[in-house]
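The chain contents come next:
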Amino acid sequence: MHPQIYNRPKEMSLINTSLWAYLAMETPNFTHGSISMNETVIQKSQLHTVDTTIALPIFMFAGGAIGNLIAIIVLSVSRQERKSSAFYTLVCGLAVTDFLGTCLASPFTIANYLGQNVLKYQHVCEFDSFLLLFFSLTGLSIIFAMAAERYLAICWPYTYERWGVDRRFAQKFLLFIYTSHIFFCCLPMMGMASSKPQQSGTWCFIDWRTEESVSSAYSVLYGVISLLLILGTIMLNVSVCGTLMMMRQRTVKRPNTRGSVRDRWRALSSAAETQMISVLVTTSAVVLACSAPLVVRVFANLMLKKDSEADLAAIRIASVNPILDPWIYILLRRSLFRRLLSLSRKSSSIRSSSPLESVLS
């Protein structure tokens, strides 16, 4: 009896100890405390990663929207650009296109970073795919129109005058580009192709790996049209630059030629013409360099193996285009050209006069 009586407190103490240990293990301050701290650190790192990744599309959205808005204001306010009619109407149309593309497409990307379910809705995904298709193809078409306008003005001036290529002509052509491209890029919504979120989940595009004949035909057609616009722009720019160089060589080799040829070369080699060609060549180089990777991926996805990283890199490169374009119009303005020329002349005159001053002193 006595041993049993004396052993009861020990048993009770053991039971209480085990119960206390069990309760302590279940509290967040015991062994689970390190796990909760690890989860907190992981959550904070994930939030920091999300903040870092979302900063890039916000920065690109702000840069594209502000830059194109400044370019539109500069092009519309400047008197010299207003007198240049057809070419600068197309330039302004490209700036408006880049501005609309940035303001319409970027919010979907930013919203998808905030909530991962935005592009899972089929209608939203189809609209995002339409925006990427439309603004990419429209930018290439306007660049091609700019190159064709300069080609006609320099290589075929009589045809240029006979067709009456002026500001209104350029506006009508821009309207034709927008109308035809809206219809063509709406075909996937009408059932000719399907749109789906890409593997990164941050953008939607046509299903360019599908085995359906109609969808594959649309992808090939889109790629072929884009490729033809790229090649046509390159050929027209090369023809314009080659014609100007040939005319200059003829004028230099024949100093006693007719005055009409000299007057024509002087008109073509004026500051206005040089500035137009510089804007055309620089803008074409930027647009083609940014658009070509996406066109290459259209054909690569139909013929080669799947490469989601290359697709994501191509769309990111294409999204840089609206950020770079407006600064070409702003930095290559005619007034800025003249200021840079005057500054270079002043600096050269100062450098040439400084040795004379040192010798005289």
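Residues numbered from 1 in each chain as written. Predicted model: local features only at pLDDT ≥ 70, side-chain atom pairs only at ≥ 80, totals over all residues. Heavy atoms only, no water.

1. Digging into the overall build of the chain
Here's step 1: For the chain, the helix and strand inventory stands at twelve helices and two strands.
Here's step 2: Each helix and strand of the chain, ordered N terminal to C terminal, gives the series α-α-α-α-α-α-α-β-β-α-α-α-α-α.
Here's step 3: A total of 361 residues make up the chain; the buried ones form 39% of that total.
Here's step 4: Taken as a whole, the chain presents about 21700 Å² of accessible surface, with 67% of it coming from carbon and sulfur. (Helix = DSSP H or I, 4+ residues; strand = E, 2+ residues; numbered from the N terminus. Buried < 20%, exposed > 50% of the residue type's maximum accessible area, 1.4 Å probe, protein only. Areas by Shrake-Rupley, 256 points an atom, 1.4 Å probe, with all protein chains shown as cover.)

2. Thoughts on the side chain of Ser215
Here's step 1: As for its placement among the helices and strands, Ser215 is situated in helix H8 (residues 213-253).
Here's step 2: Accessibility expressed as a relative area gives 3% for Ser215, which makes it buried.
Here's step 3: A polar atom in the side chain of Ser215 sits 3.5 Å from the side chain of Glu212.
Here's step 4: With residues near it in sequence (within four places) discarded, Ser215 still touches Met192, Ala193, Ser194 and Thr210. (Polar contact = N/O pair within 3.5 Å; in protein donor to acceptor, adjacent residues only side chain to side chain. Contact = heavy atoms within 4.5 Å.)

3. Observations regarding the confidence of the model for the chain
Here's step 1: Considering every residue of the chain, the mean pLDDT works out to 78; 70% of them sit at 70 or more.
Here's step 2: Per-element confidence in the chain is highest for helix H7 (residues 167-185), whose mean pLDDT is 96, and lowest for helix H1 (residues 2-26), whose mean pLDDT is 41.
Here's step 3: Of the regions scoring below 50 in pLDDT, residues 1-50 engages in eight contacts with residues more than four places distant in sequence or in other chains.
Here's step 4: pLDDT under 50 marks residues 355-361. Its contacts with residues more than four places away, or in other chains, come to zero contacts. (pLDDT = per-residue confidence, 0-100.)

4. Considerations on a nonpolar patch on the surface
Here's step 1: Residues Ile66, Ile70, Trp327 and Leu331 make up a contiguous nonpolar surface patch of about 370 Å² in total accessible area.
Here's step 2: Along the chain, the position of Leu331 falls in helix H11 (residues 308-331). (Patch = residues over 30% accessible without salt bridge, like charges linked within 9 Å, V, L, I, M, F, W, Y side chains within 5 Å. Salt bridge = Lys/Arg side-chain N within 4 Å of Asp/Glu carboxyl O.)

5. Things to note about the packing of aromatic side chains
Here's step 1: Within this structure, the stated rule accounts for twelve aromatic pairs.
Here's step 2: For the ring pair Phe184 and Tyr222, a centre distance of 6.4 Å and an interplane angle of 5° mean the geometry is stacked. In this pair, Phe184 is assigned in helix H7 and Tyr222 in helix H8, connecting sequence segments 38 residues apart.
Here's step 3: The exposure class assigned to Phe184 is buried, which follows from its relative accessible area of 12%.
Here's step 4: Counting every residue linked through ring pairs, the aromatic cluster contains Phe108, Phe127, Phe130, Phe134, Phe135 and Tyr178. (Phe/Tyr/Trp six-rings, centres within 6.5 Å; stacked < 30°, edge-to-face > 60°.)

6. Overview of the packing of helix H4 (residues 86-114) against H7
Here's step 1: At a closest axis distance of 8 Å, the pairing of H4 and H7 adopts a crossing angle of 35°. As for the relative orientation of H4 and H7, their crossing is right-handed in sense. Touching Ala86, Thr89, Leu90, Gly93 and Thr97 of H4 are Arg167, Ala170, Gln171, Leu174 and Tyr178, all from H7.
Here's step 2: In terms of residue class, the contact of H4 with H7 is built from five nonpolar, four polar and one charged. (Axes fitted to C-alpha atoms, helices over the stretch in contact; angles between N-to-C directions. Left-handed = near helix turned anticlockwise from the far one by under 90°. Nonpolar A, V, L, I, M, F, W, Y, C, P; charged D, E, K, R; others polar.)

7. Quick word on the side chain of Thr202
Here's step 1: Here Thr202 shows up in the loop between strand S1 (195-197) and strand S2 (204-206).
Here's step 2: Not counting residues within four places of it along the chain, the set of residues in contact with Thr202 comprises Thr109, Asn112, Tyr113, Leu119 and Leu312.

8. Some details on H7
Here's step 1: Spanning 19 residues, H7 covers 27 Å between terminal C-alpha atoms, matching the ideal 27 Å at 1.5 Å per step.
Here's step 2: When we look at burial in H7, the residues that qualify are Ala170, Leu174, Ile177, His181, Phe184 and Cys185. The arc enclosing the buried residues of H7, seen along the axis, measures out at 105°, which places them on a common side. Exposed positions of H7 whose direction lies more than 90 degrees from the buried face are Arg168, Lys172, Leu175, Phe176 and Phe183. (Expected span 1.5 Å × (residues − 1). Arc of directions from axis to C-beta.)

9. Describing the nonpolar core
Here's step 1: Core analysis: the biggest nonpolar cluster contains 64 residues, and Phe87, Met146, Phe205 and Tyr329 have the highest contact counts within it.
Here's step 2: Looking at this core, the element that brings in the most residues is helix H5 (residues 122-155), giving 15 residues.
Here's step 3: Dropping the residues within four chain positions of it, Phe205 is found in contact with Ser129, Leu132, Leu133, Ser194, Ser195, Lys196, Gln198 and Leu294. (Core = buried A, V, L, I, M, F, W, Y, C linked by side-chain atoms within 4.5 Å.)

10. Focus on the layout of surface pockets
Here's step 1: In this structure, the largest pocket spans a volume of roughly 770 Å³.
Here's step 2: What lines the largest pocket is a set of 31 residues, and nearest its centre among them are Met60, Leu132, Ile315, Ala318 and Ser319.
Here's step 3: Listed by contribution, the elements that provide at least two residues to the lining of the largest pocket are helix H2 (31-77), H4, H5, helix H10 (271-303) and H11.
Here's step 4: Its residues assigned to classes, the lining of the largest pocket comprises 16 nonpolar, twelve polar and three charged. (1 Å grid on protein atoms, 1.4 Å probe; cavity = no way out; pocket = protein on both sides within 12 Å on 5 of 7 lines; lining within 4 Å. Points joined across faces, edges and corners; volume = space filled by probe spheres on them.)

11. A word on the pattern of salt bridges
Here's step 1: Taken as a whole and judged by the stated rule, the model has four salt bridges.
Here's step 2: For Asp207, the salt bridge goes to Lys196, with nearest N and O atoms at 3.6 Å. Placement of Asp207 in the loop between S2 and H8 and of Lys196 in strand S1 is noted, with a sequence separation of eleven residues between them.
Here's step 3: For Lys196, a relative accessible area of 35% gives the class partly exposed.
Here's step 4: Between Asp311 and Arg209 there is a salt bridge whose closest N-O contact spans 2.4 Å.

12. Brief notes about the state of the cysteines
Here's step 1: Applying the stated criterion across every chain yields a total of one disulfide.
Here's step 2: There is a disulfide in this structure between Cys125 and Cys204, and the S-S distance comes to 2.2 Å. Torsion about the S-S bond of the Cys125 and Cys204 cystine: about -115°, corresponding to left-handed handedness. Here the residue Cys125 occupies a position in helix H5, and Cys204 occupies one in strand S2, the gap between them amounting to 79 residues.
Here's step 3: The class of Cys125 is buried, set by a relative accessible area of 1%.
Here's step 4: Residue classification places Cys204 among the buried positions, given a relative accessible area of 0%.
Here's step 5: With no disulfide of its own, Cys185 lies 7.4 Å from the sulfur of Cys186, the closest cysteine sulfur.
Here's step 6: A residue is classified by how much of its surface remains accessible, and Cys185, at 1% relative accessible area, is buried. (Disulfide = S-S within 2.5 Å.)

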